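# Inside the fold
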Amino acid sequence: MSLQGKVAVVTGANRGIGRATAERLIAEGAQVLAVDLSVEEIGHLPLHRLAVDLASHDGPARVASEARRLGPVHCLVNNAGIGAAKSLADSDDELIDRVIGTNLRAVLRLTRDMLPLLGPDASIVNVSSVFGETGYPTSTAYAVTKAGISQMTRQLVADLSAGGVRVNAVAPGVIRTAMTEARLNGDEAYRKAMIGGTPLARIGTAAQVASVIAFLCSDDAAFVNGQVIAVDGGWLASRTRP
Ligand SMILES: NC(=O)c1ccc[n+]([C@@H]2O[C@H](COP(=O)([O-])OP(=O)(O)OC[C@H]3O[C@@H](n4cnc5c(N)ncnc54)[C@H](O)[C@@H]3O)[C@@H](O)[C@H]2O)c1
């Protein structure tokens, strides 16, 4: 799975799935540009860093401008995202705008701005969610943005394949990160529901998602295109899908 010398851009890389992905891509030999609101927690890693708010007006363009200095980009990992465990009835305008602005609009804008920088056989990997693939109580705005990310993945295949660019996504199930930690630790009913809903009966790790992202970035996945790959311990397979 060597990514020796190849340039990868990973958003949301300061912690969680993004950080595990940056670490894995570095281990595979990639030069990583790590993007996040803050990049302090990854100060020790051998990578390029950019602190930026991707949801801001000029955020995506700033990432593209920094990436341009590194040469052709082989892999773009659109991982940064925020959760919102609220029913639609409890979601005010500010929450809806923030979730859509971060999880969907910023991803569309960054991907567009990165297109001219993608090298031959480049790969885009989007981080969706099982909640974007099947219904689940609460988190409505969040689930809608993730469904959008899954559809963006398929849509871009139609647009980009002729140029040799592959586009795939991962759909993580419940993964222990800062996004889920407080609820997993503090809400026993939630923790039981998450483990109970996962056929493997455990919570996943960021590294388990990162290894699939690294595979999709690499030429080992050279004929994998337009897929949303669940990394969920069987969560989706055990539910009825349309
Ligand atoms: N943890 C899970 O169970 C789970 C499940 C399914 C999908 N996901 C998805 O995985 C991705 C990573 O989540 P995680 O669990 O590692 O969460 P996390 O909160 O640990 O990490 C997300 C990172 O994204 C960054 N980020 C958020 N908004 C940003 C912005 N506007 N600009 C730049 N950076 C920003 C955060 O600062 C943070 O470092 C997200 O897209 C999330 O929706 C997570």
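Note: the structure precedes this text.
Now for a look at the structure at hand. Since the structure is predicted, the reported quantities are computational estimates derived from the model, not experimental observations.

### Notes on the sheet that holds strand E2 (residues 31–36)
What the 7 strands build is an open sheet, ordered E3-E2-E1-E4-E5-E6-E7; its pairing is parallel. This sheet does not close on itself; its edge strands, each paired only once, are strand E3 (48–51) and strand E7 (228–231). The average undirected angle you get between the axes of adjacent strands in this sheet is 15°. Judged from the 5 bridges that link them, strand E4 (residues 73–78) and strand E5 (residues 118–127) form a sheet pairing that is parallel. Bridged to Val77 within E5 is Val125. Helix-sheet contacts for helix H3 (residues 93–114) involve strand E1 (7–11), E4 and E5, and the interaxial angle to E4 is about 175°.

### So, the packing of aromatic side chains
Taken as a whole and judged by the stated rule, the model has 3 aromatic pairs. For the pair Phe131 and Tyr136, a centre-to-centre distance of 5.0 Å together with 15° between the ring planes defines the contact as stacked. In this structure Tyr136 comes out as partly exposed when scored by relative accessible area, which is 30%. By the ring-pair criterion, three or more aromatic residues cluster together here, those being Phe131, Tyr136 and Trp235.

### Here's the deal with the side chain of Thr21
Checked against the element boundaries, Thr21 lands in helix H1 (residues 16–27). A residue is classified by how much of its surface remains accessible, and Thr21, at 0% relative accessible area, is buried. Aside from chain neighbours lying at most four places away, what touches Thr21 is Val10, Val77, Ala210 and Ile213.

Definitions and limits used
Residues numbered from 1 in each chain as written. Predicted model: local features only at pLDDT ≥ 70, side-chain atom pairs only at ≥ 80, totals over all residues. Heavy atoms only, no water. Pairing = 2+ DSSP bridges. Helix = DSSP H or I, 4+ residues; strand = E, 2+ residues; numbered from the N terminus. Axes fitted to C-alpha atoms, helices over the stretch in contact; angles between N-to-C directions. Contact = heavy atoms within 4.5 Å. Phe/Tyr/Trp six-rings, centres within 6.5 Å; stacked < 30°, edge-to-face > 60°. Buried < 20%, exposed > 50% of the residue type's maximum accessible area, 1.4 Å probe, protein only.

Read these as spatial facts, not as claims about activity.
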